[in-house]
Amino acid sequence: MLNVVILGSTGSIGRQALEVIESLELDCRVTALAAHSNYQELLEQCHRFSPSRVALVDENSALQLKESSGELDVEILQGQEGLIELASDREADLVMVATVGFSGFLPTLYALRNGRKVALANKESLVVGGELLAREVPEYKELIIPVDSEHSAIYQCLQGEKRESVKKLILTASGGPFLNTSPEHLPEVTPAQALKHPNWAMGPRITIDSATFMNKGFEVLEAGWLFGVELENIEVVVHPQSIVHSLVEYQDGSVLAQMGTPDMRVPIQYSLTAPGRKSNSFPALDLNSQSLSFHEPDTEKFPCLRLAYEAGKTGGTMPACLNAADEVAVELFLKGIIKFTDIAKYVEMAMKEHELVSEPSLEDIIEADRVTRNELKKIVARLG
Ligand SMILES: NC(=O)c1ccc[n+]([C@@H]2O[C@H](COP(=O)([O-])OP(=O)(O)OC[C@H]3O[C@@H](n4cnc5c(N)ncnc54)[C@H](OP(=O)(O)O)[C@@H]3O)[C@@H](O)[C@H]2O)c1
């Protein structure tokens, strides 16, 4: 019986993880759940899964949960500290980190510091903190099972292989909703259009990041830390059908790919059963009805991919700046304050102004995140 903690249980990944555990009757006990403020959904999850502890970051929502929980036998924690406490729980066999953005970083760090196994959906944790983790928790690679479909694919393609046999990693990108939109029309695209991903139903931040290619840039940095591969040996290829989830090229020229329908429940399930597998009734892949195509990404049209490589190669606090600037810019775009094409523009500005700290401490990373957010909001207010 696997004791599982799910942080971000009310989000797209968190809900699907609970669905997988419930519908496949996996040998798991959900011991703790956490979210930001959605206390109604967390309460419903408490009734379904009877966790012994839950946490909400927002203190008012935690209070509301306490008032509505009645006879439920559950301890309710609050604030970021609540999430960190659940992530550090030494009784947990697996901590799934599925909160969005920078919020995932500290829980991931604490879970790994405490030697917990982490099913990692929150790619931002490795984007901002990969360098620190590598210094602080040298065994982190063995403790993380990726949930992201691309990284799950690579993880599976690497099973039983020697790391020194790997020549390069190839991450596939669907290309998002604007793959075929002409660059002149990109400034006019609306949040509603950007939120319509052709293949995947995901939370708003990652959906916008997919449309700008920042998501793929984050995934490149995530793959670098997860698999110990230099960024120049990680390529991105556009594959609009999202059937080949990613590939590993070996020194002998063999290329291994992992394929399947675009359904996040499959990599989520694998993160809970790996290295084992369990049958399910999810739609199967029908290759007879598919044609697969691949082409190079256009980094002129989608500069965020280039910016992510640059931030990763610079290292230090630059990836934390990249993520913070993107988080702010995406939020402003979703509120209709800036244009779609401004996202890359503002991220690049923030990176140019960033005062780099090499070999950053935890405090340096938190400070880089805070300063970038504040500075970018000031820049947008001045220019906007
Ligand atoms: N969705 C996908 O298919 C997918 C695929 C690969 C990787 N990922 C990664 O998985 C992570 C989650 O994505 P998602 O699409 O599931 O996001 P989502 O649907 O927006 O859900 C976000 C979850 O995080 C919680 N949350 C929001 N802000 C928080 C904060 N400041 N502190 C703590 N918790 C907070 C939310 O709680 P409330 O509901 O209370 O706001 C919710 O439970 C992201 O890092 C994303 O890049 C997602």
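Provided above is the structure to which this section pertains.
Peer 1: Can you walk me through the nonpolar core in this structure?
Peer 2: Nonpolar side chains in soluble globular proteins tend to be buried together. Core analysis: the biggest nonpolar cluster contains 128 residues, and Met-96 and Leu-322 have the highest contact counts within it. No other element matches the ten residues that helix α14 (residues 318–334) contributes to this core. Among the domains, domain 1 (2–146) and domain 2 (149–175 + 213–297) are the pair contributing at least three residues each to this core. Those residues in contact with Met-96, other than ones at most four positions away along the chain, are Val-5, Ile-6, Leu-7, Ile-13, Ala-17, Ala-119, Val-147, Ile-268, Ser-271 and Leu-272.

Peer 1: Looking at this model, I keep getting lost on the packing of aromatic side chains. Mind explaining?
Peer 2: In this description, an aromatic ring pair is defined by two values, namely the gap between the centres and the angle between the planes. Using the criterion set out here, one finds five aromatic pairs in the structure. Arranged with centres 6.3 Å apart and planes meeting at 75 degrees, the rings of Tyr-155 and Tyr-270 form a pair that is edge-to-face. Of this pair, Tyr-155 sits in helix α8 (residues 149–158) while Tyr-270 is found in helix α12 (residues 265–273), placing the two residues 115 residues apart along the sequence. One aromatic cluster in this structure is built from Phe-178, Phe-333 and Phe-340. The residue whose ring lies beneath Arg-113 is Tyr-110, and the NZ or CZ to ring-centre distance is 5.0 Å.

Peer 1: So what exactly am I meant to see when it comes to helix α13 (residues 303–314) here?
Peer 2: Taking 1.5 Å as the rise per residue, α13 with twelve residues should run 16 Å; its terminal C-alpha atoms sit 17 Å apart, in good agreement. Those residues of α13 lying buried are Pro-303, Cys-304, Leu-305, Leu-307, Ala-308, Tyr-309 and Ala-311. Tucked inside the fold, the buried residues of α13 contact α10 (204–212), α11 (214–227), β9 (234–238), α14 and α15 (342–353). Within two residues after α13, Gly-315 carries a phi angle of roughly 70 degrees, on the positive side.

Peer 1: Which parts of the structure should I look at to understand empty space enclosed by the protein?
Peer 2: Where empty space is left can be seen by rolling a probe of water-molecule size over the atoms. Going through the model one piece at a time under the given rule, you end up with one cavity of 30 Å³ or more. By volume, the largest cavity amounts to about 70 Å³. Along its surface, the largest cavity is lined by Ser-149, Ser-152, Ala-153, Gln-156, Trp-200, His-245, Gln-258, Thr-261, Asp-263, Val-266 and Pro-267. Secondary-structure elements contributing two or more residues to the lining of the largest cavity are α8 and α12. It is α8 that contributes the most residues to the lining of the largest cavity, four residues altogether. Here the lining of the largest cavity is composed, by residue class, of four nonpolar, six polar and one charged.

Peer 1: Mind showing me how you'd approach the sheet that holds strand β11 (residues 255–259) here?
Peer 2: Strand pairing within a sheet occurs via backbone hydrogen bonds; the two strands may be parallel or antiparallel. Taken in spatial order, the four strands make up an open sheet running β9-β8-β10-β11, and their pairing is mixed. Since the sheet does not close on itself, it has two edges, and those belong to β9 and β11, each with one partner. Within this sheet the neighbouring strands show an average axis-to-axis angle of 20 degrees, counted without direction. When strand β10 (residues 244–250) meets β11, the two strands line up antiparallel, connected through five bridges. Counterpart to Val-244 in the pairing with β11 is Met-259. Most of the contacts of α11 go to strand β8 (residues 166–173), to which it runs at about 150 degrees, and overall it touches β8 and β9.

Peer 1: Would you mind showing me how to read the pattern of salt bridges here?
Peer 2: Side chains that differ in sign of charge can pair as their charged atoms come close. Enumeration according to the criterion identifies 28 salt bridges in this entry. The partner of Lys-216 in a salt bridge is Glu-219, with the nearest N and O atoms 2.6 Å apart. Of the two residues, Lys-216 and Glu-219 both sit in helix α11, three residues apart, roughly one turn of that helix. Given the relative accessible area of 5%, Lys-216 is considered buried. Taking the relative accessible area as the measure of exposure, Glu-219 reaches 2% and is therefore buried. As a salt-bridge pair, Asp-263 and Arg-265 come within 2.8 Å of each other at their nearest N and O atoms.

Peer 1: How should the site of the ligand be read in this particular structure?
Peer 2: The full set close to the ligand counts 26 residues, and Thr-10, Ser-37, Asn-38, Glu-124 and Asp-148 are the nearest of them. Taking His-36, its main chain carries an N or O atom lying 3.0 Å from an oxygen atom of the ligand. Here Glu-124 contributes a side-chain N or O atom positioned 2.7 Å from an oxygen atom of the ligand. Computed on the free molecule, the ligand has an accessible area of 900 Å², of which 86% lies beneath the protein chains in the complex.

Peer 1: Looking at this structure, I do not really get helix α2 (residues 39–49). What am I missing?
Peer 2: Structural remark: α-helix, 3.6 residues per turn; residues separated by three or four positions point the same way. Taken together, the buried positions of α2 are occupied by Tyr-39, Glu-41, Leu-42, Leu-43, Gln-45, Cys-46 and Phe-49. The inward-facing, buried residues of α2 abut α1 (12–23), β2 (28–35), β3 (53–56) and α3 (59–68). With its phi angle positive at about 45 degrees, Ser-50 sits one or two positions after the end of α2.

Scoring rules and cut-offs
- Residues numbered from 1 in each chain as written.
- Predicted model: local features only at pLDDT ≥ 70, side-chain atom pairs only at ≥ 80, totals over all residues.
- Heavy atoms only, no water.
- Core = buried A, V, L, I, M, F, W, Y, C linked by side-chain atoms within 4.5 Å.
- Buried < 20%, exposed > 50% of the residue type's maximum accessible area, 1.4 Å probe, protein only.
- Helix = DSSP H or I, 4+ residues; strand = E, 2+ residues; numbered from the N terminus.
- Domains from an automatic or database assignment.
- Contact = heavy atoms within 4.5 Å.
- Phe/Tyr/Trp six-rings, centres within 6.5 Å; stacked < 30°, edge-to-face > 60°.
- Lys NZ or Arg CZ within 6 Å of the ring centre and 35° of its normal.
- Expected span 1.5 Å × (residues − 1).
- 1 Å grid on protein atoms, 1.4 Å probe; cavity = no way out; pocket = protein on both sides within 12 Å on 5 of 7 lines; lining within 4 Å.
- Points joined across faces, edges and corners; volume = space filled by probe spheres on them.
- Nonpolar A, V, L, I, M, F, W, Y, C, P; charged D, E, K, R; others polar.
- Pairing = 2+ DSSP bridges.
- Axes fitted to C-alpha atoms, helices over the stretch in contact; angles between N-to-C directions.
- Salt bridge = Lys/Arg side-chain N within 4 Å of Asp/Glu carboxyl O.
- Near = heavy atom within 4 Å.
- Polar contact = N/O pair within 3.5 Å; in protein donor to acceptor, adjacent residues only side chain to side chain.
- Areas by Shrake-Rupley, 256 points an atom, 1.4 Å probe, with all protein chains shown as cover.

Purely geometric stuff here, so don't read any function into it on its own.
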